[in-house]
Amino acid sequence: MQTLGEFIVKKEHDFPHATGELTALLSAIKLGAKIINRDINKAGLLDILGANGVTNAQGEAQTKLDKFANDALKAALEARTEVAGIASEEGIVIFKGEKAKNAKYIVLMDPLDGSSNIDVNVSVGTIFSIYRRTTAIGLPITEADFLQPGRAQIAAGYIVYGSSTMLVYTTGCGVHAFTYDPSLGEFCLSHEKVRYPTQGHIYSINEGNYIKFPLGIKEYIKYCQQEDEATGRPYSSRYIGSLVADFHRNLLKGGIYMYPGTASYPQGKLRLLYECNPMAFLAEEAGGKATDGTRLILDIDPYPNELRQDLKIDPKKLLHQRSPLFIGSQSMVEKVEQLIAESSKNIF
Ligand code: P6P
């Protein structure tokens with residue numbers, strides 16, 4: 001039985017900064033996760049379900065648990081000396097005081113992804129993404145510190161609140177999974193160095209949007225449904241409507257999750273910075289792949305020079321930019337990329 005803290009100390013060479021700092025960062029996230037887990041499990045008994053009458057930065061109805069989860073993680077991270085600020089769909093919070101001015105790291109997060117599923121008792125998740133600040137130590141960070149390409153992440157992970165609660169993270173040296181043991185109040189190592197199975201047989205996409213999908217996506221869905229013994233097709237369609245839960249199942253069993261651009265969401269629905277990037281870091285570290293259909297997610301620059309030069313651009317608005325997402329087993333992602341490329345040549 002190895003706890004998350006013991007594992008980090010044992011793997012101290014894995015974290016290129018300092019084990020103590022990663023331990024402190026992840027223990028703050030662990031604390032937030034335990035609080036969220038406790039209240040999700042009793043959600044039906046507490047006055048904590050449903051909307052709270054507030055809309056978030058993009059006009060989406062915020063649920064009571066979204067706010068609760070955001071506040072729990074914010075408090076846990078703000079209490080640490082390692083964190084200079086956080087960002088989520090609720091916006092950017094630059095922590096105040098000398099401690100924050102000298103803190104090395106920033107954290108982006110989706111405190112409760114898929115929260116609308118809680119009312120119907122379906123798995124949900126917390127996603128986190130950790131970077132070093134770009135502003136010099138000793139100065140307050142700015143919004144631009146949160147607009148780094150995913151390739152610059154130093155750690156990322158998620159907590160999935162399902163039949164068991166699991167924390168899955170990477171620091172760039174493999175993906176490791178820990179299962180929460182409520183009797184100990186600890187996350188214990190259950191899967192070390194998780195890797196995608198070479199071939200996956202599961203595809204996850206909201207086929208209700210089929211009519212609005214680009215041609216290449218329609219062709220890939222048909223490809224998944226064809227009979228072909230050599231490639232184990234037809235694949236199984238599994239879509240929970242909760243990115244973390246779909247990603248976690250596909251990571252362990254092999255598969256692909258897709259959220260393409262649609263008429264309702266031309267750039268896809270998922271947020272590049274606090275959903276796509278952390279999941280893409282995990283996917284690549286587990287031998288998988290994550291693209292927007294043509295570019296690797298981790299190579300997308302959220303704040304390119306042409307925007308930095310344009311003083312009319314408010315960096316805060318770029319925090320919530322969306323991206324199409326194709327993520328999972330490498331061979332499956334490459335197949336959909338191939339069909340997207342071929343269909344784009346056949347427009348006329
Ligand atoms: P749709 C949840 O709102 C989420 O961000 C992801 O967790 C999930 O995969 C997706 O949106 C579901 O979106 O449009 O299929 O309901």
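Summarised in this report is the structure supplied together with it. (Residues numbered from 1 in each chain as written. Predicted model: local features only at pLDDT ≥ 70, side-chain atom pairs only at ≥ 80, totals over all residues. Heavy atoms only, no water.)

1. Concerning the site of the ligand
(1) Moving on: By nearness alone, every residue bordering the ligand is listed as Asp-113, Gly-114, Asn-206, Tyr-239, Gly-241, Ser-242, Leu-243, Tyr-257, Tyr-259, Lys-269, Leu-270 and Glu-275.
(2) Moving on: The side chain of Tyr-257 places a nitrogen or oxygen atom 2.7 Å from an oxygen atom of the ligand.
(3) Moving on: Tyr-259 has a polar side-chain atom sitting 2.6 Å from an oxygen atom of the ligand.
(4) Moving on: When isolated, the ligand has an accessible area of 400 Å², and the protein chains bury 79% of it.
(5) Moving on: When grouped by side-chain class, the residues that make up the shell around the ligand number five nonpolar, four polar and three charged. (Near = heavy atom within 4 Å. Polar contact = N/O pair within 3.5 Å; in protein donor to acceptor, adjacent residues only side chain to side chain. Areas by Shrake-Rupley, 256 points an atom, 1.4 Å probe, with all protein chains shown as cover. Nonpolar A, V, L, I, M, F, W, Y, C, P; charged D, E, K, R; others polar.)

2. Section: the sheet that holds strand 11 (residues 202-204)
(1) Moving on: Pairing in this open sheet of five strands is mixed, and the strands run 12-11-13-15-14 from one edge to the other. Unpaired on one side and paired on the other, strand 12 (236-237) and strand 14 (288-291) mark the two borders of the sheet.
(2) Moving on: As paired elements, strand 14 and strand 15 (residues 325-329) share four bridges and run antiparallel to each other. From the neighbouring strand, Ala-290 faces strand 15, where its bridge partner is Ile-327.
(3) Moving on: Strands in contact with helix 6 (residues 243-253) are strand 11, strand 13 (256-259) and strand 15; relative to strand 11, the strand with the most contacts, it is inclined by about 165°.
(4) Moving on: Relative to the sheet, helix 10 (residues 330-345) contacts strand 11, strand 13, strand 14 and strand 15, its axis offset from that of strand 15 by approximately 140°. (Pairing = 2+ DSSP bridges. Helix = DSSP H or I, 4+ residues; strand = E, 2+ residues; numbered from the N terminus. Contact = heavy atoms within 4.5 Å. Axes fitted to C-alpha atoms, helices over the stretch in contact; angles between N-to-C directions.)

3. Focus: the nonpolar core
(1) Moving on: Formed by 38 residues in total, the largest nonpolar core has its most connected members in Leu-112, Ile-130 and Tyr-169.
(2) Moving on: Broken down by element, this core gets its largest block of residues, eight residues, from helix 2 (residues 19-41).
(3) Moving on: Grouped together as the second largest cluster of nonpolar side chains are 31 residues, Met-166, Val-194, Leu-251 and Met-279 included. (Core = buried A, V, L, I, M, F, W, Y, C linked by side-chain atoms within 4.5 Å. Buried < 20%, exposed > 50% of the residue type's maximum accessible area, 1.4 Å probe, protein only.)

4. Quick look at the side chain of Ser-129
(1) Moving on: With respect to the helices, strands and loops of the structure, Ser-129 is situated in strand 6 (residues 124-132).
(2) Moving on: Relative accessible area serves as the criterion here: at 0%, Ser-129 is assigned to the buried category.
(3) Moving on: There is a polar contact of 2.7 Å between the side chain of Ser-129 and the side chain of Gln-153.
(4) Moving on: Look past the residues within four positions of Ser-129 in its chain and what remains in contact with it is Ile-106, Val-107, Leu-108, Gln-153, Ala-155, Ala-156, Leu-273 and Pro-278.

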